[in-house]
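Residues per chain, in single letters:
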Amino acid sequence: MQTTQKDHPLLYRQVYDHIVARIQRGELAAHDKLPSIRMLAGELQVHRLTVFRAYQLLKEEGKAYVKEKSGYYVAPMHEITGLPTCEKNFAAARTYQNEMSDIQRVPSVYQFSQALIDPNLLPNLYLSQYVKEVFDRYPKMIGTYSDLQGDAELRDFLGDYMTGRLKVSISADELIITSGAQQAIDLLARLYIRPLDAVMVERPTYSAALDIFRAQGVRFLPVDISPGGYDLDQVEEIMKRHKPRFFYMNPTFHNPTGYSVPAGQRKELVALAEKYQCLLVEDDTFRDIYFGEPPSLPLFTYDTEGWVVYLSSFSKYVAPGLRICAVVGRSSVIQPLLTLKSLADNGSPLVNQKLFLHYFGSERMQNHLEKLRIALQIRRDLMIESLQDSGWLWNVPEGGLNLWVKLPDHLSVDMLWQRATAEAVSFVPGAVFDPKREMRSWIRFSYSFVNEEQIRTGMRLLTNLAGSMHNG
C-alpha cells in the first residue's frame with residue numbers, strides 16, 4: 001500500500017466525520033454503497049488502512065453495514081444529528097494558524113505587508129467630529145445590542161446601495177452585517193465545510209481564507225487565476241468531478257495579484273455554478289478602488305437561482321476600525337448564517353454600525369473616495385517606478401492595494417524576507433497565498449499603507465539587498 005501524506009493519529013476520525021457529514025447532507029442515503037476503500041483513500045490522499053479504520057467505526061456505531069464480498073453500505077438508521085464519538089477529540093486536535101498575522105506583527109518601518117489604507121489618507125478629523133453628532137442622535141446606542149442581522153437603519157441604507165451596485169433589487173432581509181469580511185468567511189466555512197470536504201480556491205488567494213479553511217480540515221481544489229481570468233474548462237472539470245462545497249473567489253482586483261476576471265467569464269461562472277450546484281462565495285473587497293474605468297459587474301448580478309453569496313467589506317478603505325462588511329445572499333444562505341452569527345457574537349457592535357452609516361453615507365465621504373483613488377494610484381505608480389531597474393516582473397493592477405511581483409529564479413524570496421525584515425522592510429512571500437505552498441518566486445507588495453517617501457526608501461533598500469544576494 002502507498003500513502004501520499006503522513007497519517008495523523010486522528011486522521012481516520014476525520015474520514016469518519018467526512019462520511020457522516022455526507023450522510024447528514026443527503027449526499028449518501030440509506031443503503032447507498034460507500035466508496036471502496038481503495039477509491040476513497042485515493043480521493044482523500046490517505047492510507048487505505050485509515051479509511052478501513054473509519055469504516056469500521058461507522059460499522060461499530062451502526063452508521064454502516066457490510067455486505068460480504070460487496071463492501072460497506074449506509075445503514076437505515078435513525079437520523080444522524082451530530083458527531084458524538086469524534087467531535088470532542090477532533091476539535092481538541094485541531095491546530096490554528098494565521099500566517100499573514102504572524103508576518104504583519106514583525107516590527108518594520110517600511111510596511112509593504114499591510115493591505116490597508118494609510119490612516120493619513122482617511123478623513124479622520126471629519127470622522128472624529130461626527131462621533132459626537134451620532135451619539136447625540138442615538139443617546140442610548142451604547143447601552144443596547146444591535147439587531148442580530150444588523151442595524152435595521154443600516155441594512156435599509158445598504159439595501160439601496162447594493163441595489164445600485166449590483167443592478168438587482170436587494171432588500172434589507174437579504175443582508176447580514178458582519179465584523180469584516182474575515183468573519184463572514186469564517187462563518188461560511190463553519191456552515192458549509194466538514195472535515196475533508198473539497199473547496200475550490202484560486203491559486204493564489206487571500207491567505208487568511210486559506211487558514212480559515214484549513215482549520216475546518218478541507219481539501220483544496222486550486223483554480224489558476226491569470227490576467228485573463230480563469231480557465232473555465234478547468235473550473236468545469238473540477239466542479240463536475242469533485243462536487244466541491246463552494247468556490248471562494250476574489251474576482252475584482254484580486255488579492256494578491258490585482259487581476260480582474262472578464263465580464264463574459266462572470267456570466268459563464270454563474271451558469272456553471274447553477275449546473276453543478278456549487279455555491280460561489282464572491283469576496284468583493286476592493287471594488288471601489290479602481291484607477292480607470294469602474295470594474296465589471298459582480299457575479300451576483302447574474303445569479304437568479306441563489307448560487308452566489310456576495311461579500312462587500314468596507315474595512316479596507318472606509319474605516320478599518322469599524323469593521324463593517326455586508327453579506328448579501330438569498331434566504332437559503334442568510335437564515336442558517338444568522339444562526340451561526342448568533343453563536344459567534346450575537347450581533348456586530350451597534351456603535352460601529354451607526355457611525356459607519358452616517359460616515360459612509362455622507363456626501364463628503366463619497367467625494368473623498370475620488371481623492372483616495374488618485375492618492376493610491378500615485379503610490380502604485382511610484383512603487384512600479386522604484387522597481388523599473390530590478391529585473392523583476394509584474395502586471396500593472398488597475399485597482400486594489402497590491403502589486404504581485406515575480407523575482408528571478410536565482411533569488412530566494414525566503415532569504416530576502418529574512419534580510420529585509422532585519423532592515424525594517426516587510427512584505428508577504430507568495431507561498432503564503434498558495435494553497436499548494438509552492439509559489440516561492442513571488443512577492444506581494446502593498447503600496448497603500450506606506451507614504452511616498454517610505455515607498456522610495458523601502459524599495460531602494462529592498463532592491464539593494466536583492467542585488468547584494470545576487471552578487472554574493
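For the structure, check the block above.
Okay, so let's go over this structure. It should be emphasised that the depicted structure is a prediction, and the values quoted were computed from it without experimental measurement.

Criteria and cut-off values
Residues numbered from 1 in each chain as written. Predicted model: local features only at pLDDT ≥ 70, side-chain atom pairs only at ≥ 80, totals over all residues. Heavy atoms only, no water. Helix = DSSP H or I, 4+ residues; strand = E, 2+ residues; numbered from the N terminus. Buried < 20%, exposed > 50% of the residue type's maximum accessible area, 1.4 Å probe, protein only. Contact = heavy atoms within 4.5 Å. Areas by Shrake-Rupley, 256 points an atom, 1.4 Å probe, with all protein chains shown as cover. Lys, Arg positive; Asp, Glu negative; His and termini not counted. Charge placed at Lys NZ, Arg CZ, Asp CG, Glu CD. Pairing = 2+ DSSP bridges. Expected span 1.5 Å × (residues − 1). Salt bridge = Lys/Arg side-chain N within 4 Å of Asp/Glu carboxyl O. Phe/Tyr/Trp six-rings, centres within 6.5 Å; stacked < 30°, edge-to-face > 60°. Lys NZ or Arg CZ within 6 Å of the ring centre and 35° of its normal. Axes fitted to C-alpha atoms, helices over the stretch in contact; angles between N-to-C directions. Parallel < 35°, antiparallel > 145°, perpendicular 65-115°, else oblique. Left-handed = near helix turned anticlockwise from the far one by under 90°. Nonpolar A, V, L, I, M, F, W, Y, C, P; charged D, E, K, R; others polar. Disulfide = S-S within 2.5 Å. Polar contact = N/O pair within 3.5 Å; in protein donor to acceptor, adjacent residues only side chain to side chain.

## Details of the overall build of the protein chain
- Helices and strands together make up the secondary structure of the protein chain, namely 16 helices and 16 strands.
- Seen through its C-alpha atoms, the protein chain measures out along the principal axes to roughly 75 × 65 × 40 Å.
- By the burial criterion, 56% of the 472 residues in the protein chain qualify as buried.
- Taking all contacts inside the protein chain whose residues are at least 6 apart in sequence as the whole, residues at least 24 apart take part in 74%.
- When the accessible surface of the protein chain is summed, it comes to about 20,700 Å², and 50% of that surface belongs to carbon and sulfur atoms.
- For the protein chain, the separation between the mean place of its 52 positive charges and that of its 54 negative charges on side chains is 5 Å.

## Some remarks on the sheet that holds strand 13 (residues 402-406)
- Pairing is antiparallel in the open sheet, where four strands are placed in the order 12-13-16-15. The open sheet has two free edges, formed respectively by strand 12 (393-394) and strand 15 (428-429), since each of these has just one partner strand.
- Two strands pair when backbone bridges link them, and strand 12 and strand 13 are joined in this way by two bridges, in the antiparallel orientation. Across the sheet, the residue bridging to Leu 393 is Lys 406, located in strand 13.

## Digging into helix 11 (residues 263-276)
- Along its 14 residues, helix 11 runs 21 Å from first to last C-alpha, staying within 8% of the 20 Å computed at 1.5 Å per residue.
- On its buried face, helix 11 is in contact with strand 7 (229-230), helix 10 (232-242), strand 8 (246-249), strand 9 (279-283) and strand 10 (308-313).
- Two residues or fewer after helix 11 comes Gln 277, characterised by a positive phi angle close to 55 degrees.

## Concerning the pattern of salt bridges
- Enumeration over the complete set of coordinates arrives at 28 salt bridges.
- One salt bridge in this structure joins Arg 25 and Glu 27, with 3.1 Å as the shortest N-O distance.
- Across the salt bridge formed by Asp 345 and Lys 341, the nearest N and O atoms sit 2.9 Å from each other.
- Taking relative accessible area as the criterion, Lys 341 reaches 0% and is therefore assigned buried.
- Overlapping salt bridges bring together Arg 22, Arg 25, Glu 27, Asp 197 and Arg 245 as one network.

## What about the packing of aromatic side chains?
- The final tally for this structure, using the stated rule, is 19 aromatic pairs.
- Relative to Phe 445, the ring of Trp 392 lies with its centre 6.5 Å away and its plane at 10 degrees, an arrangement referred to as stacked. Of the two residues, Trp 392 sits in the loop between helix 14 (363-386) and strand 12 while Phe 445 sits in strand 16 (residues 442-446), which places them 53 residues apart along the sequence. The same class applies to Trp 392 as to Phe 445, namely buried.
- Ring centres of Trp 404 and Phe 433 lie 5.9 Å apart, and the angle between their planes is 85 degrees; on these two criteria the pair is classed as edge-to-face. In this pair, Trp 404 sits in strand 13 while Phe 433 sits in the loop between strand 15 and strand 16, placing the two residues 29 residues apart along the sequence.
- A network of ring pairs unites the aromatic residues Phe 157, Tyr 161, Phe 314, Phe 356 and Phe 360 as a single cluster.
- When the ring centre of Tyr 73 is taken as reference, the NZ or CZ atom of Lys 67 above it lies at 4.4 Å.

## Some remarks on the packing of helix 1 (residues 11-24) against helix 3 (residues 48-60)
- Running from N to C, helix 1 and helix 3 cross one another at 55 degrees; their axes reach a closest spacing of 8 Å. It follows that helix 1 is oblique to helix 3 by the angle criterion. The way helix 1 lies across helix 3 gives a crossing that is right-handed. Two secondary-structure elements touch here, helix 1 through Leu 11, Tyr 12, Arg 13, Val 15, Tyr 16, Ile 19 and Val 20 and helix 3 through Thr 50, Val 51, Arg 53, Ala 54, Tyr 55, Leu 57 and Leu 58.
- Class assignment for the residues of the contact of helix 1 with helix 3 results in 11 nonpolar, one polar and two charged.

## Examining the sheet that holds strand 7
- The strand order across the open sheet formed by eight strands is 4-11-10-9-8-5-6-7, and the pairing between neighbours is mixed. At either margin of the open sheet sits one strand with a lone partner, and together these are strand 4 (175-178) and strand 7.
- Judged from the four bridges that link them, strand 9 and strand 10 form a sheet pairing that is parallel. Bridged to Glu 282 within strand 10 is Tyr 310.

## As for the state of the cysteines
- For the structure on display, the rule yields zero disulfides.
- The thiol of Cys 278 is not disulfide-bonded; the next cysteine sulfur, from Cys 325, is found 20 Å away.
- Under the relative-accessibility criterion, Cys 278 is labelled buried at 1%.

## Some remarks on the side chain of Arg 245
- With respect to the helices, strands and loops of the structure, Arg 245 is situated in the loop between helix 10 and strand 8.
- A distance of 2.9 Å separates the side chain of Arg 245 from the backbone oxygen of Tyr 192, its partner in a polar contact.
- When residues no more than four places from it in sequence are discounted, the contact partners of Arg 245 are Arg 25, Glu 27, Tyr 192, Asp 197, Ala 198, Val 199 and Leu 279.

## Things to note about the pairing of strand 11 (residues 325-328)
- Residues Cys 325 and Val 327 point to one face of strand 11 and Ala 326 and Val 328 to the other, with burial holding for every one of them.
- In this structure, strand 4 lies alongside strand 11, joined through four bridges in antiparallel fashion. Note that in strand 11 the partner of Thr 178 across the bridge is Cys 325.
- Both strand 10 and strand 11 contribute to a ladder of four bridges, which runs antiparallel. Directly across from Ser 312, in strand 11, lies its bridge partner Ala 326.

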